[in-house]
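Survey of secondary and tertiary structure
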Amino acid sequence: MTTPLSSFELAFSATPVSIWSLTQKADGKYTFPAWISTLSPGESFNWGYIANSKTALTLTSNCGSDGPSTGASQTGTQTGSQTGSATGSSGDASCPLKITQTLVNSWQSEGVTQSQYDVVIKNQGTQSLGSLQFKFAQGLDDFWSLTLNADGSYGFPSWLPSLSSNGEMEFGYIAHSSEPVSIEVTSPSSCSNQSF
């Protein structure tokens, strides 16, 4: 390929449970994430999915004028800096949460730093958590393995109704930031209005 790729469509053979770093179109197909308008020759981007399947889903892609192509699996590489983590505990003995954010990747796009973080929330309490709601201190470009609520808060993903004692949940996000985005917990009430 010698010219930039400006259009890209991808369809899955089955519906994934979760997809990150792709934008779903009205027709159900997927395309570049919002922060990518074109890919230059030799350039790549990272995306992924979770599926209820023991094998990779079949993917059908249409990359500009090259026409559709089908493959049983897709692989790729990820570049950029991949270091750092931030851990927060509430400092309040009644709040059972410990939140750790780890930088996965960071890159420049049109002069703006974008970073991808993995986040682990651990329930250090003795009781199961049946409710978890929190907000981010700034907007996100993308997120996965969370549910976005109508009020703009985030919570457990659909496949995780609660978090057992000493249980952990993991999710990820991408934001215009070189630092982890602060997380403000609104539920459980023992952690209400605490930032991590």
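Our structure's up above, just so we're on the same page.
Residues numbered from 1 in each chain as written. Predicted model: local features only at pLDDT ≥ 70, side-chain atom pairs only at ≥ 80, totals over all residues. Heavy atoms only, no water.

1. Focus on the pairing of strand β9 (residues 97–109)
Direction of pairing for β9 relative to strand β10 (residues 112–123): antiparallel, over a ladder of 12 bridges. Across the sheet, tryptophan 107 pairs through a bridge with glutamine 114, a residue of β10. Between the end of β9 and the start of β10, which pair antiparallel, lie 2 residues, with glutamate 110 showing a positive phi angle near 50°. (Pairing = 2+ DSSP bridges. Helix = DSSP H or I, 4+ residues; strand = E, 2+ residues; numbered from the N terminus.)

2. Thoughts on the environment of serine 195
If you trace the backbone, serine 195 turns up in strand β17 (residues 194–195). What makes serine 195 partly exposed here is its relative accessible area of 45%. In this structure serine 195 touches Ser182, Ile183 and Glu184, once residues within four positions along its chain are discounted. (Buried < 20%, exposed > 50% of the residue type's maximum accessible area, 1.4 Å probe, protein only. Contact = heavy atoms within 4.5 Å.)

3. As for unusual backbone geometry
Here the amide bond leading from serine 187 into proline 188 is cis, since omega sits at 20°, within 30 degrees of zero. Relative to the helices and strands, proline 188 resides in the loop between β16 (183–187) and β17. Within the chain, serine 145 stands out as a residue other than glycine whose phi angle is a positive 65°. Within the secondary structure, serine 145 sits in the loop between β12 (142–144) and β13 (147–148). On the basis of relative accessible area, serine 145 is assigned to the buried category, the value being 7%. Of note, asparagine 166 is a non-glycine position whose phi angle comes to about 65°, a positive value. One can find asparagine 166 in the loop between β14 (154–155) and β15 (168–175).

4. Structural notes on the sheet that holds β17
The strand order β13-β14-β11-β16-β17 describes an open sheet built from 5 strands, whose pairing is antiparallel. Looking at the sheet topology across the chains shown, the edges are occupied by β13 and β17. Here 2 bridges tie strand β11 (residues 133–136) to β14, and the two strands are oriented antiparallel to one another. Looking across to β14, one finds that glutamine 133 is bridged to glycine 155.

5. Concerning the packing of aromatic side chains
In total, this model carries 8 aromatic pairs according to the counting rule given. Between the aromatic rings of phenylalanine 136 and phenylalanine 171, the centroid separation amounts to 6.3 Å while the plane-to-plane angle is 75°, which identifies the pairing as edge-to-face. In this pair, phenylalanine 136 sits in strand β11 while phenylalanine 171 sits in strand β15, placing the two residues 35 residues apart along the sequence. Both residues of the pair, phenylalanine 136 and phenylalanine 171, count as buried. The interplanar angle of 85° and the centroid separation of 5.1 Å between the aromatic rings of phenylalanine 143 and tyrosine 154 together place this pair among those described as edge-to-face. Taken together, the positions of phenylalanine 143 in strand β12 and tyrosine 154 in strand β14 put the pair 11 residues apart, joining distant regions of the chain. On the basis of relative accessibility, which here comes to 10%, the residue tyrosine 154 falls in the buried class. Following the ring pairs from residue to residue traces out a cluster consisting of Tyr117, Phe134, Phe136, Phe143, Tyr154, Phe171 and Tyr173. (Phe/Tyr/Trp six-rings, centres within 6.5 Å; stacked < 30°, edge-to-face > 60°.)

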